[in-house]
Amino acid sequence: MMVPVFGSSPNVRTTFGHMTSSITAPMTEELLRTLNILDEFSRECLAIRVQRKLNSTDVVDALTDLFILRGVPSFIRSDNGPEFIAEIVRNWIAAVGAKTAYIEPGSPWENGYCESFNARLRDELLNGEVFYTLKEAQIIIEQWRKHYNTKRPHSALGYRPPAPETIIPMVLRPIMH
């Protein structure tokens, strides 16, 4: 089956990947992992899950939350990490009606949107932060994700953010006392 190179509209292709790095909590020296989920068309980061360990249940849980909010995408692209190719994940994706588009092992360029995002996350946030607790990492990374989606310009989008904040001015009404 021919899989489109990129989504032709939002929610056609969702891509996800993980990052394990030297994001350590100094007090415990444990690695933190992130599960990053993106929309390939809009470049919006749909979710970042931060945990000490990520498994197939965490992947299904994160995707379930997104599919409830945004609907099921046509395709889901990921690398071949064990938490992504686990039978539970493959069966769940098939059950919800999406198609998988796994990249070839050892070919991270096939998941370029996610790899590019991982580089931005590392360069713009993680290399300059020290996290003392898992909760602190989750809060700071979620704040960065919101900034990335609503304020940070993206060259591929004509230097606009993927999901700019919309501010609706309040209508001035007389206040009754």
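## A closer look at the packing of helix H1 (residues 56-70) against helix H3 (residues 87-96)
Consideration 1: In the contact formed by H1 and H3, the axes pass within 9 Å of each other and the chain directions differ by 20°. Between H1 and H3, the interaxial angle falls into the category roughly parallel. Handedness of the H1/H3 crossing: right-handed. Note on element contacts: H3 touches H1 through Ile88, Val89, Trp92 and Val96, opposite Ser56, Val59, Val60, Leu63, Thr64 and Phe67.
Consideration 2: In terms of residue class, the contact of H1 with H3 is built from eight nonpolar, two polar and no charged.

## Comments concerning unusual backbone geometry
Consideration 1: Phi angles above zero are rare outside glycine, and Arg43 is one such case at about 70°.
Consideration 2: Turning to its location among the elements, Arg43 is positioned in the loop between strand E2 (30-39) and strand E3 (45-51).

## Looking at the packing of aromatic side chains
Consideration 1: Tallied over the full model, the rule gives four aromatic pairs.
Consideration 2: Geometrically, the ring pair formed by Phe117 and Tyr148 is edge-to-face, given 5.0 Å between the ring centres and 85° between the ring planes. Taken together, the residues Phe117 in helix H4 (residues 112-124) and Tyr148 in helix H5 (residues 134-150) connect sequence positions 31 residues apart.
Consideration 3: Since its relative accessible area comes to 1%, Phe117 is described here as buried.
Consideration 4: For Tyr148, a relative accessible area of 6% gives the class buried.
Consideration 5: An angle of 35° between the planes, with centres 5.2 Å apart, marks the rings of Trp144 and Tyr148 as tilted. Residue Trp144 and its partner Tyr148 are located together in helix H5, separated by four residues, close to a single helical turn. Each member of the pair Trp144 and Tyr148 is classed as buried.
Consideration 6: Linked through ring pairs, Phe117, Trp144 and Tyr148 together constitute an aromatic cluster.
Consideration 7: Across the ring face of Phe75, the terminal group of Lys99 is positioned such that the distance to the ring centre comes to 6.0 Å.

## Looking at the confidence of the model for the protein
Consideration 1: Summary statistics for the protein give a mean pLDDT of 80 and a share of 75% for residues scoring 70 or more.
Consideration 2: Of all secondary-structure elements in the protein, the lowest mean pLDDT belongs to strand E1 (residues 13-25), at 61, while H5 reaches the highest, 94.
Consideration 3: Counted against residues more than four places away or in other chains, residues 1-6, with its pLDDT under 50, gives 14 contacts.

## Structural notes on H4
Consideration 1: For H4, spanning 13 residues, the distance from its first C-alpha to its last is 18 Å, which sits close to the expected 18 Å at 1.5 Å a residue.
Consideration 2: Taken together, the buried positions of H4 are Cys114, Phe117, Asn118 and Leu121. Down the axis of H4, the buried side of the element spans an arc of 105°, and every buried residue falls inside it.

## Looking at H3
Consideration 1: Looking at H3, one finds that the buried residues are Val89, Trp92 and Ile93. Viewed along the axis of H3, the buried residues span an arc of 100°, placing them on a single side of the element. Of the residues in H3, the exposed ones pointing more than 90 degrees away from the buried face are Glu87, Ala94 and Ala95.
Consideration 2: Backbone geometry just after H3 places Gly97 at a positive phi near 95°.

Criteria and thresholds
Residues numbered from 1 in each chain as written. Predicted model: local features only at pLDDT ≥ 70, side-chain atom pairs only at ≥ 80, totals over all residues. Heavy atoms only, no water. Axes fitted to C-alpha atoms, helices over the stretch in contact; angles between N-to-C directions. Helix = DSSP H or I, 4+ residues; strand = E, 2+ residues; numbered from the N terminus. Parallel < 35°, antiparallel > 145°, perpendicular 65-115°, else oblique. Left-handed = near helix turned anticlockwise from the far one by under 90°. Contact = heavy atoms within 4.5 Å. Nonpolar A, V, L, I, M, F, W, Y, C, P; charged D, E, K, R; others polar. Phe/Tyr/Trp six-rings, centres within 6.5 Å; stacked < 30°, edge-to-face > 60°. Buried < 20%, exposed > 50% of the residue type's maximum accessible area, 1.4 Å probe, protein only. Lys NZ or Arg CZ within 6 Å of the ring centre and 35° of its normal. pLDDT = per-residue confidence, 0-100. Expected span 1.5 Å × (residues − 1). Arc of directions from axis to C-beta.

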